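A look at the structure
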Amino acid sequence: MDSMLIIDEVRLTPILISDPPLLNVQGVHQPYTPRLIVEVITRAGTTGLGETYGDRVYLDLARPLADTLPGHPVTDVNALFELAGVGRAAAGERDGGSSLSPAPVARDGGSSPAPAPVARDGRPSSSPAAGERDAGASSAPPHAPVTEAGVDAAGLRGVRTADKLRLSVVSAFETACLDALGKTLGLPVHALLGGKVRDSVEYSAYLFHRWAAHPGDGPTDDWGAALDPAGVVAQARRFDRLHGFRSFKLKGGVFPPEQEIATIRALAEAFPGRPLRLDPNGAWSVDTSLAVAHELRDVLEYLEDPASGTDAMAEIAARTDVPLATNMCVTTFEEIPEAFAKDAVRIVLCDHHYWGGLHRTRELAALCRTYGIGLSMHSNTHLGISLAAMTQVAATLPELHHACDTHYPWQTEDVVTPRPVFRAGRLPVSDAPGLGVQLDRRALAALHRRWLTADVALRDRDDTSTILSTHPTWTPPHW
Ligand SMILES: O=C([O-])C(=O)C[C@H](O)[C@@H](O)C(=O)[O-]
Ligand SMILES: [Mg+2]
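Since this is a predicted model, take the numbers as computed values, not measurements.

**Here we look at the site of ligand 1**
Around ligand 1 lies a shell of 17 residues, among which Asn24, His29, Tyr206, Lys249 and His407 are the nearest. Residue asparagine 281 places a side-chain N or O atom 2.8 Å away from an oxygen atom belonging to ligand 1. Alone, ligand 1 offers 340 Å² of accessible surface; in the complex the protein occludes 100% of this. At the level of secondary structure, the elements contributing two or more residues to the shell around ligand 1 comprise strand S7 (205-208) and strand S8 (248-251).

Below, the structure written as structure tokens:
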């Protein structure tokens, strides 16, 4: 193996990025949300970049994986799964747990104590501090247990298992290895995935009900509140003006369905013929879902996760012509056979983070193609490294016929420079080596400093605790 391709060092940098007060079924976004930036450095000094969820439960899995990588080639991305212990739940007893095992994820959702932070060469520390609070996965309710078998269908990204956490960590390492490999070979990541089938990727405007500002201290912006149909339409007009998005997705499950129906109707009137999506993250019963589908049957591109669970989705799908999409009931390969057999969904939202990387996203696309299921793309609060990875893999998927989700326009901070710019709702597919993004080290250091100095509770995203801190009587909505 060419020594230029051998990994010399891996750096992990947890950061906190500012986030607006966006509302969802689990509460409200924190003023700052955690992300993890992964740098893989080869013996030739080439740095590859990756990004994933930054909650402490992910950091605890990333650290031992980072420690095992030096000496491995960046070409060896298939080995990452074994090194990260994916599938180790079943095999764990057999091998007795090798030195490659990641820190164990406790059955109560907590994680093993982390070692004290270690600064490497004066660069941002790769080790998060031990937590004061037991961590849940990003976007999952704080009480939700993490088990090897997997429970918690209520999480915004569906069932939460130890393997899914590991896959989310692997995805950042895979992206970083592919970025380093591409830079070494002078090839874009899409070429390493078989080549692009389009020169630009379409994204959708991600509309949220939101408050004008976080209560108390926190980052501010000038978007104002969006708590009724007029507010959401104004938000959509601004997205249209700024980025030219053609399609619109509304995060629902916040207000009673009648109000969210009125909002979609107002959007349809303001933007005739444009694709519209509504996603209440499983907040509705089967009957409510059917009623909403009926009301909006003439304007929806798709209805995303109206109810929770494969059986409920299958029941709704059998009784409406409105296509159902999901990033909650089909989020792992294990969930595919049942959901496809029951015709529960017509569109699956891929996400390279929790599906385990860019190669596995292509494997998911192949399965969807085989079974005649459409493909779209999910997003969670993310920065430019993830956006570049999403764009590179999306460029290679012929079957991606829906605009991809992205939270990116809500993010005012980034660790890449220059910021990507959407034109007519699209991003060009970079042909530069690797992901085609440059790390802004000064920004990375500043956001890491925030992670070190801010309230440690912010190191785990917890939308429910955040809303309860100012609205103590709030309960998770269900209609
Ligand atoms: O499509 C989805 O379900 C999401 O984008 C989940 C996200 O976490 C979203 O609800 C959010 O950021 O509040
Ligand atoms: Mg969704």
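Here the narrative resumes, following the displayed structure.
**Side note on the pattern of salt bridges**
Tallying each qualifying case throughout the model produces 28 salt bridges. A salt bridge links lysine 196 to aspartate 431; its shortest N-O distance comes to 3.0 Å. Separated by 235 residues along the polypeptide, lysine 196 in the loop between helix H5 (189-192) and strand S6 (200-202) and aspartate 431 in the loop between strand S15 (426-428) and strand S16 (438-439) bring together distant segments of the chain. Its salt-bridge partner being aspartate 298, residue arginine 265 comes within 2.6 Å of it at the nearest N-O pair. With arginine 265 in helix H7 (residues 257-270) and aspartate 298 in the loop between helix H8 (286-295) and strand S10 (300-304), the pair connects residues that are 33 residues apart, well separated along the chain. You can call arginine 265 partly exposed: its relative accessible area is 31%. Here aspartate 298 falls in the exposed class, since its relative accessible area comes to 57%. Look at the salt bridges and you will find they share partners, linking Lys249, Lys251, Arg277, Asp279, Glu301, Glu304 and Asp405 into a network.

**Focus: the packing of aromatic side chains**
Applying the stated criterion to the full structure yields 12 aromatic pairs. Ring centres of tyrosine 203 and phenylalanine 422 lie 5.6 Å apart, and the angle between their planes is 75°; on these two criteria the pair is classed as edge-to-face. In this pair, tyrosine 203 is assigned in the loop between S6 and S7 and phenylalanine 422 in the loop between strand S14 (416-417) and S15, connecting sequence segments 219 residues apart. There is no split in this pair, since tyrosine 203 and phenylalanine 422 are both buried. A centroid spacing of 5.9 Å and a plane angle of 55° characterise the contact between phenylalanine 239 and phenylalanine 245, whose relative ring orientation is tilted. In this pair, the class of phenylalanine 239 matches that of phenylalanine 245, namely buried.

**A few points about helix H12 (residues 358-371)**
If you check H12, its first and last C-alpha atoms are 20 Å apart, about what 14 residues at 1.5 Å a residue would give, namely 20 Å. Residues Leu358, Thr361, Leu364, Ala365 and Cys368 constitute the buried set of H12. End-on, the buried residues of H12 take up no more than an arc of 105°, which puts them together on one face. Among the exposed residues of H12, those oriented more than 90 degrees off its buried face are Thr370 and Tyr371.

**Focus: the coordination of the magnesium ion (ligand 2)**
Summarising the metal site, the magnesium ion (ligand 2) is bound by the protein donors Asp279 (OD), Glu304 (OE) and Asn327 (OD1), whose distances to it range over 1.9 to 2.2 Å. In the primary sequence, the donor residues of the magnesium ion (ligand 2) line up as D-x24-E-x22-N. Of this pair, aspartate 279 sits in strand S9 (residues 276-279) while glutamate 304 sits in strand S10, and the two are 25 residues apart along the sequence. A residue is classified by how much of its surface remains accessible, and aspartate 279, at 0% relative accessible area, is buried.

**Some points on the domain arrangement of the chain**
Taken domain by domain, the chain comprises domain 1 (3-190 + 440-455) and domain 2 (195-435). On the side of domain 2, 62 residues touch domain 1, which itself brings 56 residues to the contact. Buried area between domain 1 and domain 2, both sides added, is near 4,500 Å², and the carbon and sulfur share of it is 62%. Contact with domain 2 buries area across many residues of domain 1, yet Pro21, Leu23 and His190 alone supply 17% of it, more than any other trio. Where domain 1 touches domain 2, the interface holds 1 salt bridge. Note that glutamate 413 is salt-bridged to arginine 450, the shortest N-O span being 2.8 Å.

**Considering the side chain of glutamine 392**
As for its placement among the helices and strands, glutamine 392 is situated in helix H13 (residues 384-394). Residue classification places glutamine 392 among the buried positions, given a relative accessible area of 1%. Among the polar contacts made by the side chain of glutamine 392, one reaches the main-chain amide nitrogen of valine 189 at a distance of 3.5 Å. Here glutamine 392 is in contact with Pro188, Val189, His190, Val429, Ser430, Gly434 and Leu435, once residues within four sequence places are set aside.

**Some thoughts on the sheet that holds strand S1 (residues 7-18)**
Across the sheet, 3 strands lie side by side as S1-S4-S5; this open sheet has antiparallel pairing. Two strands bound the open sheet, and with one partner strand each, they are S1 and strand S5 (47-53). In this sheet, adjacent strand axes meet at a mean angle of 20° when their direction is disregarded. Summarising the sheet, S1 and strand S4 (residues 32-42) pair through 11 bridges and their orientation is antiparallel. Bridging from a neighbouring strand, isoleucine 7 pairs with threonine 42 of S4. Docked against the sheet, helix H4 (residues 162-185) engages S1, S4 and S5, running at close to 160° with respect to S5.

Conventions used here
- Residues numbered from 1 in each chain as written.
- Chains lettered and ligands numbered in written order.
- Predicted model: local features only at pLDDT ≥ 70, side-chain atom pairs only at ≥ 80, totals over all residues.
- Heavy atoms only, no water.
- Near = heavy atom within 4 Å.
- Polar contact = N/O pair within 3.5 Å; in protein donor to acceptor, adjacent residues only side chain to side chain.
- Areas by Shrake-Rupley, 256 points an atom, 1.4 Å probe, with all protein chains shown as cover.
- Helix = DSSP H or I, 4+ residues; strand = E, 2+ residues; numbered from the N terminus.
- Salt bridge = Lys/Arg side-chain N within 4 Å of Asp/Glu carboxyl O.
- Buried < 20%, exposed > 50% of the residue type's maximum accessible area, 1.4 Å probe, protein only.
- Phe/Tyr/Trp six-rings, centres within 6.5 Å; stacked < 30°, edge-to-face > 60°.
- Expected span 1.5 Å × (residues − 1).
- Arc of directions from axis to C-beta.
- Donors = N, O, S within 2.8 Å, 3.2 Å for Na, K, Ca; no water.
- Domains from an automatic or database assignment.
- Contact = heavy atoms within 4.5 Å.
- Buried area = accessible area lost by both parts, 1.4 Å probe.
- Pairing = 2+ DSSP bridges.
- Axes fitted to C-alpha atoms, helices over the stretch in contact; angles between N-to-C directions.

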